[in-house]
Amino acid sequence: MKYIVVTGGVISGLGKGIVASSIGFLLEARGYKVTAIKIDPYLNWDAGTINPYEHGEVFILEDGREVDLDLGNYERFLDISLTGANNITTGKIYERVIKKERRGDYLGKTVQIIPHVTDEIKRWIGAVAKKSEADICIIEVGGTVGDIESMPFLEALRQLKLGLKEDLLFVHVTLLPTTEAVGEQKTKPTQHSVKEVREIGIDPDFIVGRGREAMKKGIKEKISLFCNVPSEAVISAPDVKSIYQMPLVLEKQDFMNLLIKKMGLTERKSKLSEWKRFVNSVLHPRKKVVIGIVGKYTALQDAYLSIREAFRHAGAKLSTEVKLKWIEAEDLIEKRGLLEEIDGMLVPGGFGPRGSEGKMVAIREARERDIPFLGICYGFQLAVVEFARNVLGLKEACSTEIYEKTPHPVIYLMPEQRRIKDLGGTMRKGSYPIRIEGGTIAHELYGKNFVEERHRHRYEVNPAYVEEIEQGGLKFSAYTPDKRRMEIAELPTNSYFVASQFHPEYKSRPNKPSPLFYGLVKASLAKQKQSKS
Ligand code: GLN
């Protein structure tokens, strides 16, 4: 097993995750089996209890674990499925150490960061790598070097390097800013950052400089000289129009061959043609549609990262640029005009009452004016509520999440959820089988009778209302095999009015777009053509 550790310097949000995923992708393109571990040094046990509008989206894995959005990048770039164990947090490590202490495993000893916490980190990494049966394990350390929280992890990795030698390499991603006034690239932040890494006993094997533009002449040599790495090991990673270009940018600099040689692996030819074709259709679309995303706090777009990527994948397949227009749900109550100029609409997942009435204003417009519509999770539930209110005439219908005493709880708390007190990790989460009925839009798009998709919810369609809703014209085209839970609703009378209880965005991949997103983009294109002619 070989390890590549990716650390970050100077500032967070450098795109370290994209660099790490790109490295993984390039190795995989050479036929190596790659897995990835993301280390998040915060104390939360997992990302499930962190506000996505602060930290970015909570990504859901097959096993239902709630993890950092970077794991989504790994899944998309590498086309693999990871598990909760691929995301290590301080909370998870400390929980283990404390459990052992209570059990008496360390009896008589003072339990300390070194060696007890660092040993546990090393054990975790080793176990995940071994179980994956991969050739190479990418380990990305969240945050920036120098943060108090990441110290135990970096120390554990330093210790690992002692034993593993060339089987473990360090890639340090740092900031390479360009001055506004004279357009000069500055290496000082990189120098300081590398110095900081060295102080904790880690010698970077490669330095990746992230900046607005590619490294100018002499910059690689300068960094090489100050930071004690050969100039070929200084890699330029300028801003790219699409994140999916990053592997190609790195490949051009012979980065992988150098890395492979250094690790003692054999060089192999890389297969990049399919990826290049995908990137090409992302960069040179022939058509364009505008999709309105009706959400809450739409300002932090990382909160909807997988949705954005799913649109990119679907768009690429249709040679279409999907422009997203972020619409604040609460504004819709007053300003109706916000829904003009969109070709299609998506109402994403969400929680709580705020913004829910605004979302239903949007859904009603979509239904009545036949705007292509996709609702996800909360978007699905609100579509059912809107239908019950305005088509079935159950004026006070609601989800009990919004209005507990509604006389028509068309969306209610799942029976098994009623006993649960803890809010962390207790939703119905992860992959579950779904049966799709023949002759429906859903079946046409998936082309299968059974699929598996990922979930994250506490509420669901109340079975007592299913018949009435279907008689009113909203069809449940997919459900769990026991038919107890509704999974997809669609309106046969509209061109595309589809909503799912599950989250289709998590399984979308560059060359395998999610069928429901593909359906929305396609319908939006058709609608656009129709309104132009
Ligand atoms: N709040 C809803 C529920 O808990 C929807 C959740 C979601 O959109 N992820 O069921």
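Before reading on, note that the structure itself is shown above.
Counting of residues starts from 1 at the beginning of each chain's written sequence and follows it residue by residue. Only residues with pLDDT of at least 70 are given local features in this predicted model, and only at 80 or more are side-chain atom pairs given and counted; all residues enter the totals for whole chains, interfaces and linings. Processing note: side-chain calculations cover all non-hydrogen atoms of the structure and skip hydrogens and water entirely.

## Regarding helix α14 (residues 378–390)
Secondary structure is summarised from DSSP: a helix means a run of H or I of at least four residues, a strand means a run of E of at least two, and numbering begins at the N terminus for each. How far a helix is expected to stretch is found by multiplying one less than its residue total by 1.5 Å. With 13 residues, α14 extends 18 Å between its outermost C-alpha atoms, agreeing within 8% with the 18 Å of an ideal straight helix rising 1.5 Å per residue. Categorising residues by exposure relies on relative accessible area from a 1.4 Å probe, with only protein chains included: less than 20% of the type maximum marks a residue as buried, more than 50% marks it as exposed, and the intermediate range marks it as partly exposed. Counted residue by residue, α14 has 12 buried out of 13 residues, so it is predominantly covered. Looking only at α14, the buried set comprises Tyr378, Gly379, Phe380, Gln381, Leu382, Ala383, Val384, Val385, Glu386, Phe387, Ala388 and Arg389.

## Let's talk about the pattern of salt bridges
Salt bridges are defined as contacts in which a side-chain nitrogen from Lys or Arg sits within 4 Å of a carboxyl oxygen from Asp or Glu. As enumerated under the stated definition, the model contains 42 salt bridges in all. One salt bridge in this structure joins Glu95 and Lys99, with 3.9 Å as the shortest N-O distance. In this pair, Glu95 and Lys99 both sit in helix α4 (residues 90–103), 4 residues apart, roughly one turn of the helix. Classification of Glu95 as partly exposed rests on a relative accessible area of 35%. Its relative accessible area of 53% is what places Lys99 among the exposed residues. Among the ionic contacts, a cluster of salt bridges with common partners joins Glu62, Glu75, Asp79, Arg454, Lys507, Arg509 and Lys512.

## Comments concerning the sheet that holds strand β14 (residues 397–399)
Remark on secondary structure: sheet strands pair via backbone hydrogen bonds, oriented parallel or antiparallel. Pairing between strands requires that DSSP locate at least two bridges from one strand to the other. With mixed pairing, the 3 strands of this open sheet are ordered in space as β14-β15-β18. The sheet is open, and its two borders are formed by β14 and β18 (459–461), each paired with just one other strand. Going from strand to strand, the sheet's axes swing by 25° on average, the running direction of each strand aside. Alignment of strand β15 (residues 408–413) against β18, held across 3 bridges, turns out to be antiparallel. Bridging from a neighbouring strand, Tyr412 pairs with Glu460 of β18. Angular values range over 0 to 180 degrees, each being the angle between N-to-C directions of two axes fitted as lines to C-alpha atoms, with helices fitted over their stretch in contact.

## Quick notes on the packing of aromatic side chains
Stacked, edge-to-face and tilted labels apply to pairs of Phe, Tyr and Trp rings (six-membered ring for Trp) whose centres lie within 6.5 Å, assigned for plane angles under 30 degrees, over 60, and everything in between, in that order. All chains considered together, the criterion is met by 11 aromatic pairs. When the ring of Phe206 is compared with that of Phe255, the centres are 5.1 Å apart and the planes differ by 55°; the resulting orientation is tilted. Highlighted residues: Phe206 in strand β8 (residues 206–211) and Phe255 in helix α10 (residues 255–263), separated in sequence by 49 residues. Ring centres of Tyr244 and Trp275 lie 5.7 Å apart, and the angle between their planes is 65°; on these two criteria the pair is classed as edge-to-face. Taken together, the residues span a long stretch of sequence, with Tyr244 in the loop between β9 (234–238) and α9 (246–252) and Trp275 in helix α11 (residues 273–283) at a distance of 31 residues. Taking relative accessible area as the criterion, Tyr244 reaches 0% and is therefore assigned buried. Taking relative accessible area as the criterion, Trp275 reaches 6% and is therefore assigned buried. Each member of the aromatic cluster is reached from another via a ring pair, and the members are Phe25, Phe77, Tyr244, Trp275 and Phe278. Ring-over charges, as used throughout, are those where CZ of Arg or NZ of Lys falls within 6 Å of the ring centre and within 35 degrees of the ring normal. Positioned above the aromatic ring of Tyr32 is the side chain of Arg268, whose terminal nitrogen or guanidinium carbon lies 3.8 Å from the ring centre. Sitting above the plane of the Tyr518 ring, Lys317 keeps its charged end 5.2 Å from the centroid.

## Some thoughts on the site of the ligand
Residues are classed as near a molecule or strand on a simple rule: at least one heavy atom within 4 Å of it. Taken together, the residues surrounding the ligand are Gly349, Gly350, Phe351, Cys377, Tyr378, Gln381, Glu401, Arg456, His457, Arg458, Tyr459 and His503. Contact between the ligand and Tyr378: an oxygen atom at 3.1 Å from a main-chain N or O atom of the residue. The definition of a polar contact used here is a pair of N or O atoms within 3.5 Å, where within protein one atom must be able to donate a hydrogen and the other to accept one, and adjacent residues in sequence count solely through side-chain atom pairs. In the environment of the ligand, an oxygen atom lies 3.0 Å from a nitrogen or oxygen atom belonging to the side chain of Gln381. For the area figures, the Shrake-Rupley method with a 1.4 Å probe applies, and any residue is considered shielded solely by the protein chains shown. Relative to its free-state accessible area of 300 Å², the ligand is covered by the protein chains to the extent of 98%. Contributions of two or more residues to the shell around the ligand are made by α14 and β17 (450–457). Three classes are used, and their members are as follows: Ala, Val, Leu, Ile, Met, Phe, Trp, Tyr, Cys and Pro are nonpolar, Asp, Glu, Lys and Arg are charged, and the others, Gly among them, are polar. The residue inventory of the shell around the ligand, partitioned by class, reads 4 nonpolar, 5 polar and 3 charged.

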